[in-house]
Amino acid sequence: MNGFRAVGLVALREIRERGRSRAYIFSTIFTLILLAGAIVVPRMIGGGPTTYTIGVVGEGGAEIVETADAMALQEAEDPDEADRYEVEVFDDVAAAEAALEDGEVEAVIVEGRELVGGPIWAFGGARVERALQQAASTRRVQELVASNEEAAEVVQLLSSEPLETRRLGGADEEEQAVRGLVAFIGLLLMYIAILTYGSWMLSGVTEEKTNRVVEVLLSTLRPWQILGGKLLGIGALGLMQMLLLIAVGGAGIVLSGAFEIPRPPIDSLVALAGWFVLGFLLYAIIYGAAGSLVSRMEDAQSAAGPLTLVALIGYFFSFAALNDPTGTVAIIGTYIPFSAPYVAPIRLAIGEISAWEMAIAVVITVVTIALLVRLAGRVYAGGLLRFGGRVKWSEAFRSAE
């Protein structure tokens, strides 16, 4: 049988068998319920109505806030459950923005024309801004109707946002914050995925060895074909589950209206996706080899302990990169294969890594994966048919044909 065709068959078998298993289905459903609950439930049982304080500088802003408060009362089925909007007047813009930075107010309206907001992902920020924009539109429509101006202008106003929006820190700092946030969330997902799907790899290999299924597979397939097929199959299942969780989480955020999802930069998304693949392959290969060294499921987690520690250390490197992307720790972590999947995307998102540094990090990681394929494949081959106690890495490597 052609080698790559055999790998594909093993991958399809892995997807079919594990994808319809109760453990996979229940874990996916349970995680989706937890995720949806974490996003939607706080919004539904958030402790009743919320009072939002809006800073006002100059004329025109207080009237907009009063209109937003009146609209909230009208829209609520029970006035006692309506969100409320109150005014805090400031003498100048600097004082108002200082209060916004300190969280004393949720937004600032300047001279009835400009809306100054905090981070776009701040809880409740998007809802407050929408309410103020609607209130501003309502007041402007009332003024137009009172002055008998043309209906076309009224229609145009209803489909626009009359307040010019500005955020603290300016566009550059906002974009930088978005890039850092996207990178951090992506790295957190990557860390969880590596541990979760790496454990799938380890337990899958151990289970087949314990049930002697691997003996049947080895009668027609080579060890590297089994290992490669498992990598592809489990990787595909993990990717499908991760994409489903991201989709449900995004939908929950949008529907709850808790905060806006910032538009992620394309280069950061591409880098995260690429490093996700490299990171998964890097760790999953070793997890698969570790699974071949034990004969009981009870011993699988002890075999995974050192690998989990390595992944955790690599993840800690990313915090150093967040705090100081050009520091010594961040630079060293860029070139260590087991920390590069965490560090390199962070430095790219912040804009503190050159093209040649990224290229070298990718090359080092790819070369390491290629070497691990040979090393782990040999260990995998040597440990599959060794039963009884736990097999050492060196013993499995030497016993492989």
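Look up a bit, the structure's there.
None of the values given here were measured: they were computed from a predicted structure. Each chain has its residues counted from 1, following the order in which its sequence is written. In keeping with the model being predicted, local features are shown solely for residues with a pLDDT of at least 70 and side-chain atom pairs are shown and tallied solely at 80 or more, while totals for entire chains, interfaces and linings include all residues. Side-chain measures here rest on the full set of heavy atoms in the structure, leaving out hydrogens and waters.

Engineer: Lay out the environment of Val277 in plain terms, naming residues and giving numbers.
Structural biologist: Along the chain, Val277 falls in helix H10 (residues 266–291). Categorising residues by exposure relies on relative accessible area from a 1.4 Å probe, with only protein chains included: less than 20% of the type maximum marks a residue as buried, more than 50% marks it as exposed, and the intermediate range marks it as partly exposed. Classification of Val277 by relative accessible area gives partly exposed; the value is 45%. Separated by 64 residues in sequence, Val277 and Pro341 place their C-alpha atoms 9.1 Å apart. In DSSP terms, a helix is any run of H or I states spanning at least four residues, a strand is any run of E spanning at least two, and both are numbered starting from the N terminus.

Engineer: Give a description of the pattern of salt bridges that names residues and reports values.
Structural biologist: The working definition used for a salt bridge is a side-chain nitrogen of Lys or Arg within 4 Å of a carboxyl oxygen of Asp or Glu. The full count for this structure, using the stated rule, is five salt bridges. Of the charged contacts in the structure, one is a salt bridge between Glu14 and Lys230, with a shortest N-O distance of 2.9 Å. Taken as a pair, Glu14 in helix H1 (residues 3–19) and Lys230 in helix H9 (residues 223–256) lie far apart in primary sequence, 216 residues in all. Like Glu14, the residue Lys230 is buried in the burial classification. We note a salt bridge from Arg16 to Glu17, for which the minimum N-O separation is 3.9 Å. Overlapping salt bridges bring together Arg16, Glu17 and Arg20 as one network.

Engineer: Explain the packing of aromatic side chains to me, using residue names and the numbers behind them.
Structural biologist: Planes of paired rings set the category: under 30 degrees apart is stacked, over 60 is edge-to-face and the rest tilted, where pairs are Phe, Tyr or Trp rings (Trp by its six-membered ring) whose centres lie within 6.5 Å. If you walk through the whole model with that rule in mind, you get seven aromatic pairs. Taken together, a centroid distance of 4.5 Å and an interplanar angle of 15 degrees make the contact between Tyr191 and Tyr315 stacked. In this pair, Tyr191 is assigned in helix H7 (residues 170–210) and Tyr315 in helix H11 (residues 300–323), connecting sequence segments 124 residues apart. Of the residues examined, Tyr191 reaches a relative accessible area of 14% and is grouped as buried. Among the residues examined, Tyr315 registers a relative accessible area of 7% and is labelled buried. Clustering of aromatic rings is evident, with ring pairs tying together Tyr191, Tyr315, Phe319 and Tyr342.

Engineer: Account for a negative patch on the surface, naming residues and giving values.
Structural biologist: A contiguous patch of negative charge on the surface is contributed by Glu86, Glu88, Glu101, Asp102, Glu104 and Glu106. Within the fold, Asp102 resides in the loop between helix H4 (93–101) and strand S3 (107–110). A relative accessible area of 58% places Asp102 in the exposed class. Two distance rules govern patches: like charges are joined within 9 Å, and nonpolar side chains (Val, Leu, Ile, Met, Phe, Trp, Tyr) within 5 Å, applied only to residues with over 30% relative accessible area and no salt bridge. Only the protein chains shown count as cover for residues, and the accessible areas themselves come from Shrake-Rupley with a 1.4 Å probe. Positive: Lys, Arg. Negative: Asp, Glu. His and the chain ends are not part of the count. Think of each charge as sitting on NZ of Lys, CZ of Arg, CG of Asp or CD of Glu.

Engineer: Account for a nonpolar patch on the surface, with residues named and values stated.
Structural biologist: Residues Ile185, Leu189, Leu239, Leu243 and Ile246 make up a contiguous nonpolar surface patch of about 420 Å² in total accessible area. Broken down by secondary-structure element, the contributors of at least two residues to the nonpolar patch are H7 and H9. Looking at which element gives the most residues to the nonpolar patch, the answer is H9, with three residues. Checked against the element boundaries, Leu239 lands in helix H9. The class of Leu239 is partly exposed, set by a relative accessible area of 40%.

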